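# Coordinates in review
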Amino acid sequence: MIESKIKQTVRDVKDFPKPGIIFKDITPILKEPLLCAEIVEALASQLINIQIDVVAGIESRGFLFGPSLAQRLNVPFVPIRKAGKLPYKTIRESYDLEYGSAVIECHKDALLTGQRVLIHDDLLATGGTVVAASKLIMQLGASVSAYSFIIALDFLNGRDRLKSYSDQIYSLASY
Ligand code: AMP
């Protein structure tokens, strides 16, 4: 089962980047190309009934599987990046993390009005990042059709914060 393969492969790093956080390190997954391919297939198959025009991935670990997922779904990929990284005109949103706060941006012309966007990241923690990403998408007149994560930390209740944007919230492994 994909969930147990992911859980066996992810590395827990205690007290990173701050004391009290158990960081789910997905880099061991990247060393296993067959598992990476299975993950992309599993993410795509969860989304089979969802209308998706664009995949938006969150910097930086949302860039590891997001482009492959977009290619698998045959739709464009849009990067949502930390402040100051994107070269062209941008729009921005600030947000809180499980540890600290930050600003994310996307290009003003990243999406067209009415496009249905799948938001992808490696991991759902408090949901602050993807709520900010959802607001960026709505600023451009597009909508969130679903969320897709490899891992969800359900004990942080991030799903509750996303429901008002889309109740289609998918993950492959939960804790
Ligand atoms: P949040 O906004 O709280 O849902 O945080 C999600 C973002 O922070 C994702 O981009 C994750 O990669 C990262 N993140 C937060 N907590 C963890 C954790 N315990 N392990 C790995 N990544 C995390």
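Provided above is the structure to which this section pertains.
Summary of the structure given here. Along each chain, residues carry numbers from 1 onward, in the same order as the chain's sequence is written. In keeping with the predicted nature of the model, local features appear solely for residues at pLDDT of at least 70, side-chain atom pairs appear and are counted solely at 80 or more, and the whole-chain, interface and lining totals rest on all residues. Derived side-chain values reflect all non-hydrogen atoms in the structure, with water molecules and hydrogen atoms excluded from consideration.

### Focus: the packing of helix 3 (residues 33–46) against helix 4 (residues 62–73)
Whenever a helix is involved, its axis is fitted only over the stretch in contact; in every case the axis is a line through C-alpha atoms, and angles between N-to-C directions fall within 0 to 180 degrees. A run of H or I in DSSP becomes a helix once it reaches four residues, and a run of E becomes a strand once it reaches two; helices and strands are each numbered from the N terminus. Orientation of helix 3 relative to helix 4, taken along the N-to-C sense of each, is 55°, at an axis distance of 10 Å. The pairing of helix 3 with helix 4 is recorded here as oblique in orientation. Between helix 3 and helix 4 lies a crossing whose hand is right-handed. Every residue of helix 4 that contacts helix 3 at Cys36, Ile39, Val40, Glu41, Leu43 and Ala44 is listed here: Phe65, Ser68, Leu69, Arg72 and Leu73. By definition in this entry, angles of less than 35 degrees are roughly parallel, angles greater than 145 are roughly antiparallel, angles of 65 to 115 are roughly perpendicular, and the rest are oblique. Each helix crossing is assigned a hand: it is left-handed if the near helix lies turned anticlockwise from the far helix by less than a right angle, otherwise right-handed if that turn is clockwise. Note on definitions: a residue-residue contact is assigned when non-hydrogen atoms from the two residues lie within 4.5 Å.

### As for the packing of aromatic side chains
Only centres within 6.5 Å qualify two rings of Phe, Tyr or Trp (six-membered ring in Trp) as a pair; their planes then separate them into stacked at under 30 degrees, edge-to-face at over 60, and tilted for everything else. Enumeration over the complete set of coordinates arrives at 3 aromatic pairs. Pairing Phe63 with Phe77 gives two aromatic rings, centres 6.0 Å apart and planes at 85°, and the pair type is edge-to-face. With Phe63 in helix 4 and Phe77 in strand 4 (residues 77–82), the pair connects residues that are 14 residues apart, well separated along the chain. Look at Phe63 and you get partly exposed, because its relative accessible area is 24%. Each residue is assigned to one of three classes by its accessible area relative to the maximum for its type, calculated with a 1.4 Å probe on protein chains only: buried under 20%, partly exposed between the two thresholds, exposed over 50%. For Phe77, a relative accessible area of 25% translates into the label partly exposed. Here Tyr147 and Phe149 contribute two aromatic rings whose centre-to-centre distance is 6.4 Å and whose plane-to-plane angle is 5°, an arrangement assigned as stacked.

### Some thoughts on the pattern of salt bridges
Counted as salt bridges are all cases of a side-chain nitrogen of Lys or Arg within 4 Å of a carboxyl oxygen of Asp or Glu. Summed over the entire model, instances satisfying the criterion amount to 11 salt bridges. Asp12 is the salt-bridge partner of Lys24, the closest N and O atoms lying 2.8 Å from each other. Here the residue Lys24 occupies a position in strand 2 (residues 22–25), and Asp12 occupies one in strand 1 (residues 11–14), the gap between them amounting to 12 residues. The exposure class assigned to Lys24 is buried, which follows from its relative accessible area of 9%. You can call Asp12 partly exposed: its relative accessible area is 45%.

### Describing the sheet that holds strand 9 (residues 169–174)
Pairing is mixed in the open sheet, where 7 strands are placed in the order 5-6-4-3-7-8-9. A single partner strand is all that each edge strand has here, and the edge strands are strand 5 (90–96) and strand 9. Strand-to-strand twist across the sheet, computed as the mean angle between neighbouring axes with direction ignored, equals 20°. Where strand 5 meets strand 6 (residues 101–107), 7 bridges bridge the pair, whose relative direction is antiparallel. Bridging from a neighbouring strand, Tyr95 pairs with Ala102 of strand 6. Taken strand by strand, helix 1 (residues 2–9) contacts strand 8 (143–152) and strand 9, and its axis lies near 60° from that of strand 9. The sheet strands contacting helix 3 are strand 7 (116–124), strand 8 and strand 9, and the helix crosses strand 9 at an angle near 145°. Pairing between strands is defined by DSSP: at least two bridges between the two strands are required.

### Brief notes about helix 3
To estimate the expected span of a helix, count its residues, drop one, and scale the result by 1.5 Å. Over its 14 residues, helix 3 runs 20 Å from end to end, which matches the ideal 20 Å to within 8%, given 1.5 Å per residue. Next to the buried residues of helix 3 lie helix 1, helix 2 (27–30), helix 4, strand 7, strand 8 and strand 9.

### So, the nonpolar core
Core analysis: the largest hydrophobic core is formed by 30 residues, its most contacted members being Ile6, Ile29, Ile39, Leu47, Phe65 and Ile151. Element by element, the count of residues in this core is highest for helix 3, at 7 residues. Excluding anything up to four places from it in sequence, Ile6 contacts Ile29, Ile39, Ile150, Ile151, Leu172 and Ala173. Membership of the second largest hydrophobic core comes to 27 residues, among which are Val78, Ile91, Ala133 and Ile169. Put simply, buried Ala, Val, Leu, Ile, Met, Phe, Trp, Tyr and Cys residues joined by side-chain atoms within 4.5 Å make one nonpolar core.

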